[in-house]
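Spelled out, the chains give:
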Amino acid sequence: MLTKKQHQLLIYIHDSMNKDGVAPSFDEMKKALSLRSKSGIHRLIMALEERGFLRRLPHRARALEVIKLPENAPEKLAGFAPNVITGNFSGAMPGAKVNNDTADTVDLPLYGKIAAGTPIEALRDPTEHVGVPGAMLGMGEHYALTIEGDSMVDAGIIDGDTVVIKRCETADNGAIVVALVDNEEATLKRLRRKGESIALEPANQSYETRIFGPDRVKVQGSLIGLIRKY
């Protein structure tokens, strides 16, 4: 699910291109979304690009291509079937409690998709489960998420992987975590603390490290394993 501003910008770009045949300028986008700076538009465009909704065409000014529209858009682009799972990570998330790591298989709730690129919201209530080896799990609550995106490929995490997460509220510096940003967006990134700031680092040079104040990021869990289907 796109954030409100991401959705507004995507629809504005789409409508402007249909009307004028060219993408709006950053100033026009900033004014349309009532933002104070162009940097906010830049971040939104990067988010939409990473999610696969937009494509920036190289070596051309104001060259954007709308790849797809969100499911709740008034019209759809032909040839695309968006598949974004909605929900959020705010509040408690029930998970499978494991007290015996010798169990053969444990069914974990599969909450849905999480972006290994720009944060997206993920399911709070499980509709599916996935079986994982009991030996993979320690004490505590665990859940699983499906990766969407490629920003963690250099850490061996690719699009379509299922990651196993141990629920926790703190993590070591350098750990790969599920981070909740501003109480509404969740992402899988490497956590780095730099003074009073928190950096969420991708494992792909195509993406930028995002830095936040300590009150804007909450750890929702730590990566402990990965399941991949071939």
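**Q** Explanation requested: the overall build of the protein chain in the structure shown.
**A** When helices and strands are counted, the protein chain shows three helices and 12 strands. Taking the intrachain contacts of the protein chain between residues at least 6 apart in sequence as the baseline, contacts between residues at least 24 apart amount to 60%.

**Q** Would you mind going over the packing of aromatic side chains with me for this structure?
**A** For any two aromatic rings, the description comes down to two numbers: the centre-to-centre distance and the angle of the planes. All chains considered together, the criterion is met by zero aromatic pairs. For the cation-ring pair, Lys 68 lies above Phe 53, with the distance from its terminal atom to the ring centre recorded as 4.8 Å.

**Q** Is there a simple way to explain the environment of Tyr 143 in this structure?
**A** Following the sequence through the fold, Tyr 143 ends up in strand E6 (residues 140-148). Residues Tyr 143 and Leu 110 lie 33 residues apart in sequence; the distance between their C-alpha atoms is 6.3 Å. Polar contacts involving the side chain of Tyr 143 include one to the main-chain carbonyl oxygen of Gln 220, which spans 3.2 Å.

**Q** Would you explain the pairing of E6 in this entry?
**A** Two faces, one strand: in a regular strand the side chains alternate between the faces of the sheet. The buried fraction of E6 is high, at seven of nine residues. Sheet topology note: the strand E4 (residues 105-115)/E6 ladder contains four bridges and is parallel. Across the sheet, residue Ile 114 finds its bridge partner in E6, namely Ile 147. One ladder, built from five bridges, connects E6 with strand E7 (residues 162-166); its direction is antiparallel. Its bridge partner being in E7, Leu 145 is matched across the sheet by Val 163.

**Q** What is the right way to read the confidence of the model for the protein chain from this model?
**A** Atom-level detail of predicted coordinates should not be read off regions where pLDDT is low. Per-chain confidence: the protein chain averages 78 in pLDDT, with 78% of residues scoring 70 or above. Mean pLDDT across the secondary structure elements of the protein chain bottoms out at strand E3 (residues 96-98), with 55, and peaks at strand E10 (residues 197-201), with 94. Long-range and interchain partners of residues 75-93, a stretch whose pLDDT sits below 50, account for 56 contacts in this model, where long-range means more than four residues apart.

**Q** Would you take a moment to explain the pattern of salt bridges for this structure?
**A** Per the stated rule, a full pass over the model turns up six salt bridges. Close ionic contact of Asp 161 with Arg 228 constitutes a salt bridge, the shortest N to O distance being 2.7 Å. A residue pair is termed long-range when its members are at least 10 positions apart, and Asp 161 in the loop between E6 and E7 and Arg 228 in the segment after strand E12 (217-227) qualify at 67 residues. Here Arg 228 falls in the partly exposed class, since its relative accessible area comes to 29%.

**Q** How should the nonpolar core be read in this particular structure?
**A** Soluble globular proteins tend to bury their nonpolar side chains together. Counting 17 residues, the largest nonpolar core has Leu 9 and Leu 10 as its most contacted members. Residue assignment for this core shows that the elements contributing at least two residues are helix H1 (4-20), helix H3 (38-50) and strand E2 (64-66). When sequence neighbours within four positions are dropped, the list of residues in contact with Leu 9 reads Met 29, Leu 33, Ile 41, Leu 44, Ile 45 and Leu 48. Counting residues in each nonpolar core, the second largest holds 14 residues, with Tyr 111, Ile 165, Val 178 and Ala 203 among its members.

**Q** Would you mind going over unusual backbone geometry with me for this structure?
**A** Most of the time, phi is negative for any residue but glycine, and the peptide bond is trans. If you check the backbone angles, Ser 34 has positive phi at about 55° while not being a glycine. With respect to the helices, strands and loops of the structure, Ser 34 is situated in the loop between helix H2 (26-32) and H3. When its relative accessible area of 63% is taken as the criterion, Ser 34 is described as exposed. At Asp 182, a position not held by glycine, the phi torsion is positive, near 55°. Looking at the secondary structure, you find Asp 182 in the loop between strand E8 (176-181) and strand E9 (185-194).

Thresholds, definitions, all that
Residues numbered from 1 in each chain as written. Predicted model: local features only at pLDDT ≥ 70, side-chain atom pairs only at ≥ 80, totals over all residues. Heavy atoms only, no water. Helix = DSSP H or I, 4+ residues; strand = E, 2+ residues; numbered from the N terminus. Contact = heavy atoms within 4.5 Å. Phe/Tyr/Trp six-rings, centres within 6.5 Å; stacked < 30°, edge-to-face > 60°. Lys NZ or Arg CZ within 6 Å of the ring centre and 35° of its normal. Polar contact = N/O pair within 3.5 Å; in protein donor to acceptor, adjacent residues only side chain to side chain. Buried < 20%, exposed > 50% of the residue type's maximum accessible area, 1.4 Å probe, protein only. Pairing = 2+ DSSP bridges. pLDDT = per-residue confidence, 0-100. Salt bridge = Lys/Arg side-chain N within 4 Å of Asp/Glu carboxyl O. Core = buried A, V, L, I, M, F, W, Y, C linked by side-chain atoms within 4.5 Å.

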